[in-house]
Amino acid sequence: MLYDPINLQKDVWIVIPAYNEGGMIADVIAEVGTMFPNIIVIDDASSDETSMVARKAGATVLRHPFNLGQGAALQTGIEFALSRGANHIVTFDADGQHHIEDVPVMLEQLEQSGADLALGSRFLGTTVGMSQSRGLLLKAATLFTQITTGLKLTDCHNGLRVFTAKAAGQLNLRQNRMAHASEILAGIRKNRFDFVEVPVTITYSDYSKEKGQTFTDAFVIFRDLIAARLLS
Amino acid sequence: MIAQIILTLGLSVCLFYIISLGKSLPLVRIGLFLVVLTGYLFIWFPEMTNIFAGLVGIGRGADLVIYLWILLSLFLILKLHIKLREQSEALTTLARHLALRPDPDEQPAKNSK
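Residues numbered from 1 in each chain as written. Chains lettered and ligands numbered in written order. Predicted model: local features only at pLDDT ≥ 70, side-chain atom pairs only at ≥ 80, totals over all residues.

Undergrad: Account for the overall build of chain A, naming residues and giving values.
TA: When helices and strands are counted, chain A shows 10 helices and seven strands. Evaluated residue by residue, chain A yields a buried proportion of 44% over its 232 residues. At a minimum sequence separation of 6, the contacts of chain A that also span at least 24 residues come to 79%. (Helix = DSSP H or I, 4+ residues; strand = E, 2+ residues; numbered from the N terminus. Buried ≥ 20, exposed ≤ 12 C-beta atoms within 10 Å, placed from the backbone. Contact = placed C-beta atoms within 7 Å.)

The structure is reproduced here in structure tokens:
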């Protein structure tokens, strides 16, 4: 059974958190727009032209009054999409790492499996231009998350995910910054969501490498998670 | 004697502040009140610290005071951290609410022309 593009795509919302992504966001929106009409960009108080460029490219743009972090931007986008009656919510990176062709496959597998969310996995799929050190760092992060959440996953820091409205509504992201990736997984375990992992392609360009997470960010994420655990 | 007077004055400022809190935060107020009272006691009867220290198995009174101080500081830091987190969550909610307002940017643009 093939994914039905006409009947389903209008209920799918693509959520793109963006912080100073003016250089890339128009291309990303154009690519996404070839398949999905509902695109919401959350401009996390960028100092560049992100909002204007994104709006010109045809996306709905929400802007945080000050910088809150990617997790907070995702949550804002999810709440907006739900308020517009979204059936499925896709989180998509603004730096051009993700490919929109992967999303219909994820939606299809989500439908077929009856799961609550689909997670993209670059280690089941392919990566273009990923450095060896980044691969190792991501593998280590995955191992850490496997141990702390008990979930069998191959790639836990992939921003490409598809949520059903039910799962998105129950998941309340409180980690404003980068630890939200692990928070989503903790939410999966807590709410007993079913998930499927779908192979996707991640392309590392010079642009995305520059914008992406660095090695020290891993420590920041780790600290946020420890703090969250102590305080929850 | 000079040190004792200065310390007493310092503690008295704290006491004044605690009283000025009025009826808010009853637990915090009582806690701080006890801390100040213990402070007065130890300032004017330093040998008391030795007695208390001996009771709980610490060699010197000064050590007891330092340990209590460290414990108190850690507790306060934790308390402040939680408070800050609460504040930042409230701020996030507020910011999100602002961002989710209908047509935040389009409306003024139309009006200005």
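Undergrad: Give a detailed account of the sheet that holds strand E5 (residues 117–128) of chain A, specifying residues and quantitative values.
TA: All names here are of chain A. The sheet built from seven strands is open, its strands ordered E3-E2-E1-E4-E6-E5-E7 with mixed pairing. Strand pairing shows two members of the sheet lacking a second neighbour, strand E3 (60–63) and strand E7 (195–203), which therefore form its edges. Going from strand to strand, the sheet's axes swing by 25° on average, the running direction of each strand aside. With four bridges joining them, strand E4 (residues 88–91) and strand E6 (residues 161–164) adopt antiparallel strand pairing. Across the sheet, the residue bridging to Val90 is Val162, located in E6. (Pairing = 2+ DSSP bridges. Axes fitted to C-alpha atoms, helices over the stretch in contact; angles between N-to-C directions.)

Undergrad: Describe in detail the pairing of E6 of chain A, supporting the description with residues and values.
TA: Residues and elements named next belong to chain A. Residues Arg161 and Phe163 of E6 are buried on one face, and the alternating residues Val162 and Thr164, pointing to the opposite face, are buried as well. By the bridge criterion, three bridges tie E5 to E6 in an arrangement that is antiparallel. Its bridge partner lying in E6, Leu119 is registered against Arg161.

Undergrad: Which residues make up the packing of helix H4 (residues 70–83) of chain A against helix H4 (residues 61–99) of chain B, and what values go with them?
TA: With their axes 10 Å apart at the nearest point, H4 of chain A and H4 of chain B run at an angle of 45° to one another. Here H4 of chain A is positioned oblique relative to H4 of chain B, judged by the angle of their axes. Judged by the sense of rotation from one axis to the other, the crossing of H4 of chain A with H4 of chain B is right-handed. Across the interface between the two elements, Ala72, Gln75, Thr76 and Glu79 of chain A of H4 of chain A pack against Thr92, Arg96 and Ala99 of chain B of H4 of chain B. Classifying every residue of the contact of H4 of chain A with H4 of chain B gives two nonpolar, three polar and two charged. (Parallel < 35°, antiparallel > 145°, perpendicular 65-115°, else oblique. Left-handed = near helix turned anticlockwise from the far one by under 90°. Nonpolar A, V, L, I, M, F, W, Y, C, P; charged D, E, K, R; others polar.)

Undergrad: Talk me through helix H2 (residues 25–33) of chain A; I want residue IDs and the actual numbers.
TA: Residues and elements named next belong to chain A. Among the residues of H2, those classed as buried are Ile25, Val28, Ile29 and Val32. End-on, the buried residues of H2 take up no more than an arc of 95°, which puts them together on one face. At its buried positions, H2 is contacted by strand E1 (12–18), strand E2 (39–43) and helix H3 (50–56). (Arc of directions from axis to C-beta.)

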